[in-house]
Amino acid sequence: MNLLDGKQLSTKIKNNLAFEISSLKSSGLISDLGLAVILVGNDPASAVYVRNKINACAFVGITSIQYNLDESVTEHDLIALIEKLNADSHVTGILVQLPLPKHISENAIISKIDPSKDVDGFTPYQTGLLSIGQKSLVPCTPKGIIALLEHYNINLSGAHAVIVGRSNIVGKPLMNLLLQKNSTVTICHSKTKNLADITKTADILIVAIGKPKFITETMIKDGAVLIDVGINRVDGKLVGDVDFEHLKEKCSYITPVPGGVGPMTITMLLQNTLEAYHATSRT
Ligand code: GUN
């Protein structure tokens, strides 16, 4: 078994980004690299993710502005804030941490973000570009997974990639990215029949369902590559969707939790913010 070390790779990418941003700043080629992060309500996991994103911004030299809104904020007021940020030339990127409280439509909110500031790659415009294989701002978790697989030279062309989970944040965009890399892609979800029969055929198995240790020994083939997107808190400990301890000797590569996909997600957000800046700046 080999570890796919997302922490190590993300540190390397962050160091490169910090260097690039500081060189651009000192040569006067860049100014106002700013990320606006909106957090609604008191979900503890979301608060941790947002804190990690803000800290990562500081590390590479991106100015971040955090907006903490009350759980009871109206859709109308949230849209008003997004429109203000859309019009603010100091703001390069806008991120609305998901999930949102039930009374707010995520689709309604996301579609109000200016696509050129959509560093999460969630707007219909960026989603559409990705689905037809054009250059776009790509959602951070799938982008980080591809970067990790490529860093470890894992062959994607012709490989059977099975994704468990069909979310707009991970499963669907990852399907498009893997298709671009010529993988054969199967998506499974909560209504899939005979799940284990399908996961056992995966050369690369990506799991993003939020169920602790859901993938067990009998569900994978020998030598599979395992990508665990799950971050579940069990008895105060973080565990993934994959039963790491029991599968680590059966697979060829596996991402740890924590330290696998999570740090890559955050690092791709930083990269997207710089890409959004370059795409809109006139320098
Ligand atoms: N919630 C879980 N993952 C993400 C993400 O990548 N971006 C945002 N905005 N919210 C999330």
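The structure displayed is predicted, hence computed values, not measured ones.

**As for the site of the ligand**
Logical step 1: Neighbouring residues of the ligand: K53, L95, V96, Q97, L98, D120, F122 and I169.
Logical step 2: Backbone polar atom of L98 to a nitrogen atom of the ligand: 2.9 Å apart, as the coordinates give it.
Logical step 3: Calculation on the ligand without its partners gives an accessible area of 280 Å², and the protein chains cover 84% of this total.
Logical step 4: Given that more than half its atoms are within 2 Å of the pocket grid, the ligand belongs to the largest pocket.
Logical step 5: Split by residue class, the shell around the ligand holds five nonpolar, one polar and two charged.

**Digging into the pairing of strand β3 (residues 63-69)**
Logical step 1: Direction of pairing for strand β2 (residues 34-40) relative to β3: parallel, over a ladder of seven bridges. Across the sheet, residue A36 finds its bridge partner in β3, namely I65.
Logical step 2: Read as a crossover between parallel neighbours, the route from β2 over helix α2 (residues 44-60) to β3 is right-handed.

**Here's the deal with unusual backbone geometry**
Logical step 1: The peptide bond linking L98 to P99 adopts the cis configuration, its omega dihedral lying at 5 degrees.
Logical step 2: With respect to the helices and strands, the residue P99 is situated in the loop between β4 (93-96) and α4 (106-110).
Logical step 3: Residue V257 is joined to P258 through a cis peptide bond whose omega torsion reads -5 degrees.
Logical step 4: By secondary structure assignment, the location of P258 is in the loop between β11 (253-254) and α10 (261-280).
Logical step 5: A positive phi angle, close to 50 degrees, is found at D235, a residue other than glycine.
Logical step 6: In this fold, D235 is placed in the loop between β9 (232-234) and β10 (237-239).

**Re the sheet that holds strand β8 (residues 225-228)**
Logical step 1: Reading across from one edge, β1-β11-β8-β7-β5-β6 is the order of the six strands in this open sheet, with parallel pairing throughout. Edge positions in the sheet fall to β1 (2-3) and β6 (184-188), since each has one partner strand and no second.
Logical step 2: Pairing between strand β5 (residues 160-164) and strand β7 (residues 204-207): four bridges, direction parallel. Bridging across to β7, V164 finds its partner in V207.

**A few points about empty space enclosed by the protein**
Logical step 1: Counted by the stated rule, this structure contains one cavity of 30 Å³ or more.
Logical step 2: I94, L95, V96, L98, I110, I113, D118, D120 and F122 are the residues that line the largest cavity.
Logical step 3: Looking at the lining of the largest cavity element by element, the count peaks at three residues for β4.
Logical step 4: Looking at the lining of the largest cavity, its residues break down into seven nonpolar, no polar and two charged.

Rules used throughout
Counting starts from 1 at the beginning of each chain's written sequence and moves along it residue by residue. Two thresholds apply to this predicted model, a pLDDT of at least 70 for residue-level local features and 80 or more for giving and counting side-chain atom pairs, whereas whole-chain, interface and lining totals are computed over all residues. With hydrogens and water excluded, all non-hydrogen atoms of the structure serve as input to the side-chain values. Put simply, a residue is near a molecule or strand once any heavy atom of it comes within 4 Å of that molecule or strand. Whenever a nitrogen or oxygen atom comes within 3.5 Å of another N or O atom, the pair is scored as a polar contact, on the condition that within protein one atom can donate a hydrogen and the other can accept it, and that pairs from neighbouring residues in sequence are kept only if both atoms are in side chains. For the accessible areas, the method is Shrake-Rupley and the probe is 1.4 Å, while residue cover comes only from the protein chains on display. Only protein atoms enter the 1 Å grid, on which a cavity is a set of points fitting a 1.4 Å probe that cannot get out and a pocket is an open set with protein on both sides within 12 Å along at least 5 of 7 lines, lining residues being those with an atom within 4 Å of a point. A pocket or cavity is taken to hold a molecule when more than half of that molecule's atoms are within 2 Å of the pocket's grid points. Note on residue classes: Ala, Val, Leu, Ile, Met, Phe, Trp, Tyr, Cys and Pro are nonpolar, Asp, Glu, Lys and Arg are charged, and everything else, Gly too, is polar. Strands are treated as partners if at least two bridges between them are detected by DSSP. In this text, helices come from DSSP runs of H or I with a minimum length of four residues, and strands from runs of E with a minimum of two, each type numbered from the N-terminal end. A crossover gets the label right-handed when its path from the first strand over the helix to the second runs clockwise, viewed with the strands pointing away from the viewer. Grid points are joined across faces, edges and corners, and a volume is the space filled by probe spheres set on the points.

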